[in-house]
Amino acid sequence: MKQRAKTPVFPAVIPDIEEWPIYTLSEDRRAFIQEIDAFTQDRLTRKSTQKVTDLIAETVYQERIRIKEERWKVDPPKERQFWSRIRRKLVKYSLDKPDAEAKQNNAEILQTIIHRYSEEIVGTFRIRTFRFARRFLTLFFNTLLQARQRGFWRIGGQKRRLLAEKLIVEGELEKIRGLFTKGTLVVVPTHFSNLDSILIGYVLDLILGLPSFSYGAGLNLYNTGYTAYFMNRLGAYRVDRRKKNSIYLETLKTMSNLSLQRGTNSLFFPGGTRSRSGKLEEKLKLGLLSTTVEAQRALYQQGKDQKLFIVPLVLGYHFVLEAPYLIEGYLRTLGKERFLKSRDDFYNPLQIIRFIWKVLSEGNDIALSFGQPMDVLGNPVDIDGNSYDKYGNLIDVRDYFVTDGKVTEHLQRESEYTKDLAEKIVERYHSDNIVLSSHLVAYGAFQMLRKENARLDLFGLLRLPHEDYVFKASVLKDVIEQIRQELFLLESAGKIKLSQVISGDIDALIKDGLAHLGTFHLKKPLKYNKTKEIISEDFTLLYYYHNRLDNYHLDEVIELKKEAMVTLEPV
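Here's a quick rundown of the structure.

1. What about unusual backbone geometry?
A positive phi angle, near 55°, is found at Asp 404, a position not held by glycine. On the secondary structure map, Asp 404 appears in the loop between β10 (402–403) and β11 (406–407).

In structure tokens form, the structure reads like this:
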């Protein structure tokens, strides 16, 4: 069996927090907001006067609907009055006015809206709050992962090493640390849980020794006082996904663009939101991703050689706390009337006590796989930041932004670069995905169920009476072995990664997968019953965890023995 290398714990790249880029940006917050206001205003006012008028009118309309239908506690006070005032100004000073007069009045109205948005988006970074959060997260993850020892609040040395043993952190870690000193890092992770941001921040800080990153946090996380207090002081910028209007989105993109130009390392989820299905992201949102390309071009225009480096990151959990709600939302969208919502037992007091006990008493590995760092064109880079094309030839990224011997803005060209970058990131997600035992066991079990009931569609399968079905251990073992052999081939081709247990004894593999699969869920996707038979308490959750290995075409290598096949009737 291959032995898993211990996760190293690195020293800080920049020990003095006051020298961190995120702190420098926060200290210059007022000037930074002024930059955002001016840049966004210039970008939007390049449009015709009528288009700007329509843009403002559309924004007012959408915001008034949002206030009426979806208000949050975190929303600024007197929002209704603000947008009513903007509407009156638009009607009085812009509509049906001469072009020159309307243009000037539009500029004033637009400036007011942009500034309101930029003040809302840009966060701050407070050193005292960061230090407290660092200590709290150590306590939190030690509890969650069972890293227990004396000195519970102490950070450093043995405590950090003990926690690191519970985290599978792989990738070109030394290269990533080296690139931090050569340019600006942009980490683009997969997104499965609300735990992601906290976990990634912890690993970047206390494992890799990197200064804090600027990261996007959904505005909904600010609805509670304690959460809002910390988020407002830890370098997060606020993202309100209710706001779909062009002015807000342009302001958000400008913030990202200018912060990258200032050398602030960034982290955002290019998938946009948590994976509802449990699958790895296949199609990325291009909005914030495009700002990396624009920022790189802008730096070259300024005569700077500073480069941006994109670092894909794949997270892997044995469990996702929100899985029941995520997969339900996915299936409701996919199947509409064909999906029947199951009864929710989460509010049963005994179940809640059981849930809390499991959180505090059972340990689980978590995998973080850092992918091959690349430039904004998707080309791999070496530890010195040099870029290479697919043939291994050294290239100069600056040349890709040159027209007639000069670096120029060409948004259509940069849009194509962004699409290419997104495709390269998705490729890395699939290649750097670490298969945990729970992923393999869940995939094998659901495929076994699917092949034994081939006449049913997905929703028919999910309606099968799980209490009447037993996964025959010998058949499941045979299915998992077939899948495992294909995974070995994919790993040797560099198309996936396998955790240590995958290559070990198959009985131990299945036992480990069953022990960890959906550990904290009230209904287990798979488990041993009292007579040691393998059963499922929730086919929908089993499907969710199965999806982690979807799109590798592993189903094509599975052959069930006919005498082993069992069919059920849907309820």
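Having seen the model, we can carry on.
2. Overview of the packing of aromatic side chains
Per the counting criterion, the structure on display carries 13 aromatic pairs. Ring centres of Phe 446 and Tyr 543 lie 5.2 Å apart, and the angle between their planes is 50°; this geometry places the pair in the tilted category. With Phe 446 in helix α16 (residues 437–452) and Tyr 543 in helix α20 (residues 539–546), the pair connects residues that are 97 residues apart, well separated along the chain. Across this residue pair, the class does not change: Phe 446 and Tyr 543 are buried. Connected via pairs of aromatic rings, a cluster forms that spans Phe 82, Trp 83, Tyr 117 and Tyr 248. Looking at Arg 242, its charged tip hangs above the ring of Trp 72, at a distance of 3.8 Å from the centre. We note Lys 243 situated over the ring of Tyr 248; from NZ or CZ to the ring centre the distance is 5.6 Å.

3. Considering the side chain of Thr 59
Relative to the elements of secondary structure, Thr 59 occurs in helix α3 (residues 49–69). Among the polar contacts listed, one links the side chain of Thr 59 to the backbone oxygen of Leu 55, at a separation of 2.9 Å. If near-sequence neighbours (up to four positions away) are discounted, Thr 59 is found in contact with Trp 83, Tyr 117, Asn 245 and Ile 247.

4. A closer look at the pairing of strand β2 (residues 183–189)
Among the 7 residues that make up β2, 7 are buried, leaving the element largely enclosed by the rest of the structure. Two elements, β2 and strand β6 (residues 307–317), share 7 bridges in a ladder whose sense is parallel. Bridging from a neighbouring strand, Leu 185 pairs with Phe 309 of β6. Two elements, β2 and strand β5 (residues 266–267), share 2 bridges in a ladder whose sense is parallel.

5. Section: the environment of Pro 211
Within the secondary structure, Pro 211 sits in the loop between α9 (196–207) and β3 (214–218). Looking at Pro 211, the relative accessible area reads 1%, which means it is buried. Each C-alpha atom, one on Pro 211 and one on Asp 16, is 9.3 Å from the other, the two residues being 195 residues apart in sequence. Contact partners of Pro 211, with chain neighbours within four places excluded, come to Ile 14, Trp 20 and Phe 180.

6. Considerations on helix α11 (residues 246–261)
Over its 16 residues, α11 runs 22 Å from end to end, which matches the ideal 22 Å to within 8%, given 1.5 Å per residue. Within α11, 13 of the 16 residues are buried, leaving the element largely enclosed by the surrounding structure. For α11, the N-terminal cap is Asn 245; the gap from its side-chain oxygen to the backbone nitrogen of Ile 247 is 3.2 Å. Looking one or two residues beyond α11, the residue adopting positive phi is Gly 263, at roughly 85°.

7. Notes on a negative patch on the surface
Where like charges cluster on the molecular surface, the negative patch consists of Asp 16, Glu 18, Glu 19 and Glu 27. Mapped onto the elements, Glu 27 comes out in helix α1 (residues 21–27).

8. Points about the pattern of salt bridges
The tally for this structure, following the rule as stated, stands at 27 salt bridges. Between Arg 262 and Glu 35 there is a salt bridge whose closest N-O contact spans 2.5 Å. Note that Arg 262 is positioned in the loop between α11 and β5 and Glu 35 in helix α2 (residues 29–45), a separation of 227 residues in sequence. Judged by its relative accessible area of 31%, Arg 262 falls in the partly exposed class.

What counts, and at which threshold
- Residues numbered from 1 in each chain as written.
- Predicted model: local features only at pLDDT ≥ 70, side-chain atom pairs only at ≥ 80, totals over all residues.
- Heavy atoms only, no water.
- Helix = DSSP H or I, 4+ residues; strand = E, 2+ residues; numbered from the N terminus.
- Phe/Tyr/Trp six-rings, centres within 6.5 Å; stacked < 30°, edge-to-face > 60°.
- Buried < 20%, exposed > 50% of the residue type's maximum accessible area, 1.4 Å probe, protein only.
- Lys NZ or Arg CZ within 6 Å of the ring centre and 35° of its normal.
- Polar contact = N/O pair within 3.5 Å; in protein donor to acceptor, adjacent residues only side chain to side chain.
- Contact = heavy atoms within 4.5 Å.
- Pairing = 2+ DSSP bridges.
- Expected span 1.5 Å × (residues − 1).
- Patch = residues over 30% accessible without salt bridge, like charges linked within 9 Å, V, L, I, M, F, W, Y side chains within 5 Å.
- Areas by Shrake-Rupley, 256 points an atom, 1.4 Å probe, with all protein chains shown as cover.
- Salt bridge = Lys/Arg side-chain N within 4 Å of Asp/Glu carboxyl O.
- Lys, Arg positive; Asp, Glu negative; His and termini not counted.
- Charge placed at Lys NZ, Arg CZ, Asp CG, Glu CD.

These figures capture arrangement, not role.
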